[in-house]
Amino acid sequence: MMTRSLFDLARKMTPEKVSREFRDFSGAHAYTAARRLMDETFADFPDVDHSFVREFQTAGFSARVFELALFAALREQGKELDRSSPAPDFLTTGDTPVAIEATTTNPPQGETTDDEDIAAAVRRLIPDDMEESQAEFTMQIGKALRRKLEHRDAQGHAYWEKPHIDGVPFVIAVQSFHNPSALIHTVSSLATYLYGIRDIPTRDSRGSLVLNSQVEHRYKHKSIPSGLFAQPEAEHLAAVIFTNSATVSKFSRMGTERGYGPEDVAMARVGLAYDPDPNASVAVPFGYVIGDYGPQDHETFSEGFHILHNPWTRTPVAAGALDGFTEHRLQPDGRTLTTIRHPDYYLSRTWILQGEDGGNPVQTAHRRVQQYLEGAP
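Keep in mind the model is a prediction, meaning the values are calculated, not measured. (Residues numbered from 1 in each chain as written. Predicted model: local features only at pLDDT ≥ 70, side-chain atom pairs only at ≥ 80, totals over all residues. Heavy atoms only, no water.)

Colleague: Run through the sheet that holds strand 14 (residues 347-353), naming residues and quoting values.
Modeller: An order of 10-9-14 is seen for the three strands of this open sheet, with the pairing classed as antiparallel. Here the strands that pair on one side only, and so sit at the sheet edges, are strand 10 (284-289) and strand 14. The mean inter-strand angle of the sheet, taken between neighbouring strand axes irrespective of direction, is 15°. Both strand 9 (residues 266-273) and strand 10 contribute to a ladder of six bridges, which runs antiparallel. Residue pairing across strands places A268 opposite V289, the latter belonging to strand 10. Along the sheet, helix 8 (residues 248-257) makes contact with strand 9 and strand 14, crossing strand 9 at roughly 125°. (Pairing = 2+ DSSP bridges. Helix = DSSP H or I, 4+ residues; strand = E, 2+ residues; numbered from the N terminus. Axes fitted to C-alpha atoms, helices over the stretch in contact; angles between N-to-C directions. Contact = heavy atoms within 4.5 Å.)

Colleague: Describe the side chain of R64, listing the residues and the values that go with them.
Modeller: With respect to the helices, strands and loops of the structure, R64 is situated in helix 4 (residues 61-76). We classify R64 as buried; its relative accessible area is 15%. Once you skip the residues sitting within four places of it in the chain, R64 turns out to touch F52, E55 and F56. (Buried < 20%, exposed > 50% of the residue type's maximum accessible area, 1.4 Å probe, protein only.)

Colleague: Describe the sheet that holds strand 13 (residues 337-340), listing the residues and the values that go with them.
Modeller: Reading across from one edge, 1-2-3-8-11-12-13 is the order of the seven strands in this open sheet, with mixed pairing throughout. Unpaired on one side and paired on the other, strand 1 (90-92) and strand 13 mark the two borders of the sheet. Pairs of neighbouring strands in the sheet enclose a mean axial angle of 25°, with direction left out of account. Along the sheet face, helix 4 touches strand 1, strand 2 (98-105) and strand 3 (170-176) and points at about 150° away from the line of strand 2. The strands touched by helix 6 (residues 130-150) are strand 2, strand 3 and strand 8 (237-242); relative to strand 2, the strand with the most contacts, the crossing angle is about 135°.

Colleague: Would you mind going over a positive patch on the surface in detail, with residue names and values included?
Modeller: Side chains of R11, K12, K17 and R54 sit close together on the surface and give a patch of like positive charge. Checked against the element boundaries, K17 lands in the segment before helix 1 (20-27). (Patch = residues over 30% accessible without salt bridge, like charges linked within 9 Å, V, L, I, M, F, W, Y side chains within 5 Å. Areas by Shrake-Rupley, 256 points an atom, 1.4 Å probe, with all protein chains shown as cover. Salt bridge = Lys/Arg side-chain N within 4 Å of Asp/Glu carboxyl O. Lys, Arg positive; Asp, Glu negative; His and termini not counted. Charge placed at Lys NZ, Arg CZ, Asp CG, Glu CD.)

Colleague: Give a detailed account of the packing of aromatic side chains, specifying residues and quantitative values.
Modeller: Scanning all chains against the criterion turns up 21 aromatic pairs. Residues F137 and F242 carry aromatic rings whose centres are separated by 6.1 Å and whose planes lie at 80° to one another, so their mutual orientation is edge-to-face. Taken together, the residues span a long stretch of sequence, with F137 in helix 6 and F242 in strand 8 at a distance of 105 residues. Here F137 matches F242 in class, with each residue buried. Taking 5.4 Å as the distance between ring centres and 10° as the angle between the ring planes, the aromatic pair formed by Y159 and F170 counts as stacked. Here Y159, found in the loop between helix 6 and strand 3, pairs with F170, found in strand 3; they are eleven residues apart in sequence, far enough to count as distant. (Phe/Tyr/Trp six-rings, centres within 6.5 Å; stacked < 30°, edge-to-face > 60°.)

What follows is the structure in structure tokens.
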């Protein structure tokens, strides 16, 4: 049996038709480990509608990487998947089945940017206006989720109305790719939109402080109501799965851990981690060289995935059905969001390094990590 590869051009695909993302990734020596792990994962991926490779090689590159990582995370948790139907994307089976449809936020169709502008945007991961960027993130996430809730197939069925998932909790998995800095936004921004529990400080006519729950989200001239889970159109939405880390970098790191990368390439991961101290108010900096730790510390595909449960849904996700993800639940008081956390990071960046002036790349990586930690606030 011939082994499938994501990097063999799809039928009738010519080099001129592939996306710049795919072309740069498939030809880069530094991404050898990521490509091998992707192919290894894809070997077991049931491509029901036979469109995955074509979309991966063209405009759907980031979305397909996200979908492949989600598949790997579910399989890693021991979930059996029924992929006999193309929609929703994943149906876990067993005593606690869950139907999952994956989606992403994407750049506007037809939008083009020259190479120099894209390179500058990638280097500038932190947006110039964080408040505006967060507003755009919420608006784009809202559009992506509502698009799936409003979708109907040729028979007029919503996802949760399809015969093969009757009575199964319906979940939407989402990641943001609408601009180069979209991945900086975390699950807390999404939770505000889904539950509508962010307090806005204002002053009354006597100057006293008043906390009001956020009622809508605005971006430029558009607005959407806050608290999607409580809206009538979301009564069949059991939960939302979110991540900002199901990217090429995850496959690069995990592939490097497995020894799939070339000897002249090393990787390091730096960023901010959650402080386990319940009284902590800020994240703590972290940094490490990929592979420089014990087997128990290896990264997993599930790391970085969060599931936010809808307390008002008609068909909730059963306890433990997706317990490999960090879980968030709104308590009966309607104000407190509790979290069952798994190993995770708040924000991170992956450095791909080669030895400076012919030096050892691992030593270079250690030096760069140390410099980062010494300079971190």
